[in-house]
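One-letter residues, chain by chain:
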Amino acid sequence: MQLTAPAGRRTGIRDTDGMAVASFVLGLLGLLVLNVFLGPSAIVLASVALLRGTARRGRALLGLGLGVADLVVLAVFMQADGTISWSF
């Protein structure tokens, strides 16, 4: 029974592609809910995916941009409400 990947396979590339997609999804969801948590998570995942050389560079860049947009939206709504949280 083999528990690890064979030495010839490159599982790291697939992992970085998954991180790029996850950053995009988290950034997109963060525009709607929990942007204080999902925005920074999207930024971190996108940065790691880009540093490791993902094949889905565009998706990682979108995740990075959406993560930053999450934090900008949070800051704007916090200024408008005058509180730490925001609601519609």
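These numbers come from a predicted model, not from an experiment.

Engineer: For this particular structure, what's the right way to read the packing of helix 2 (residues 35–51) against helix 3 (residues 57–81)?
Structural biologist: Angle between the axes and distance between the axes: these two values describe a pair of packed helices. Closest axis-to-axis distance for the helix 2/helix 3 pair is 8 Å, and the angle between their directions is 150°. Classified by the interaxial angle, the pair formed by helix 2 and helix 3 is roughly antiparallel. Helix 2 and helix 3 meet at a crossing whose hand is left-handed. Across from N35, V36, L38, G39, P40, A42, I43, A46, S47, A49 and L50 in helix 2, the residues of helix 3 making contact are R57, A60, L61, G63, L64, G67, V68, D70, L71, V73 and L74. Looking at the contact of helix 2 with helix 3 residue by residue, the class counts come to 15 nonpolar, 5 polar and 2 charged.

Engineer: How should the side chain of T54 be read in this particular structure?
Structural biologist: Residue position: T54 is located in the loop between helix 2 and helix 3. Reaching out from T54, the side chain makes a polar contact with the backbone oxygen of T16 at a distance of 3.5 Å. Not counting chain neighbours up to four residues away, the residues in contact with T54 comprise T16, D17, A20, A49 and A60.

Engineer: Looking at this model, I keep getting lost on the environment of G58. Mind explaining?
Structural biologist: Mapped onto the elements, G58 comes out in helix 3. Assessed through its relative accessible area of 46%, G58 is described here as partly exposed.

Engineer: Got a minute to help me understand the UniProt feature "transmembrane region" (unreviewed entry) in the chain in this structure?
Structural biologist: Within this numbering scheme, the UniProt entry marks residues 20–48 and 60–80 as carrying the feature "transmembrane region" (unreviewed entry). With 86% helix and 0% strand, the stretch residues 20–48 has end C-alpha atoms that lie 9 Å from each other. Helix makes up 100% of residues 60–80 and strand 0%, with an end-to-end C-alpha separation of 30 Å.

Engineer: I keep staring at helix 2 and nothing clicks. Help me out?
Structural biologist: Since the α-helix turns once every 3.6 residues, residues separated by three or four places project in the same direction. Taking 1.5 Å of rise per residue, the 17 residues of helix 2 would be expected to cover 24 Å, and the 24 Å separating its terminal C-alpha atoms lies within 8% of that figure. Of all the positions in helix 2, only N35, L38, G39, A42, A46 and A49 are classed as buried. One face of helix 2 carries all of its buried residues, which in axial projection span an arc of 105°. For helix 2, the exposed residues lying more than 90 degrees away from the buried face are F37, V44 and L51.

Cut-offs and rules
Residues numbered from 1 in each chain as written. Predicted model: local features only at pLDDT ≥ 70, side-chain atom pairs only at ≥ 80, totals over all residues. Heavy atoms only, no water. Axes fitted to C-alpha atoms, helices over the stretch in contact; angles between N-to-C directions. Helix = DSSP H or I, 4+ residues; strand = E, 2+ residues; numbered from the N terminus. Parallel < 35°, antiparallel > 145°, perpendicular 65-115°, else oblique. Left-handed = near helix turned anticlockwise from the far one by under 90°. Contact = heavy atoms within 4.5 Å. Nonpolar A, V, L, I, M, F, W, Y, C, P; charged D, E, K, R; others polar. Polar contact = N/O pair within 3.5 Å; in protein donor to acceptor, adjacent residues only side chain to side chain. Buried < 20%, exposed > 50% of the residue type's maximum accessible area, 1.4 Å probe, protein only. UniProt positions renumbered as here; feature names shortened; annotations may be inferred. Expected span 1.5 Å × (residues − 1). Arc of directions from axis to C-beta.

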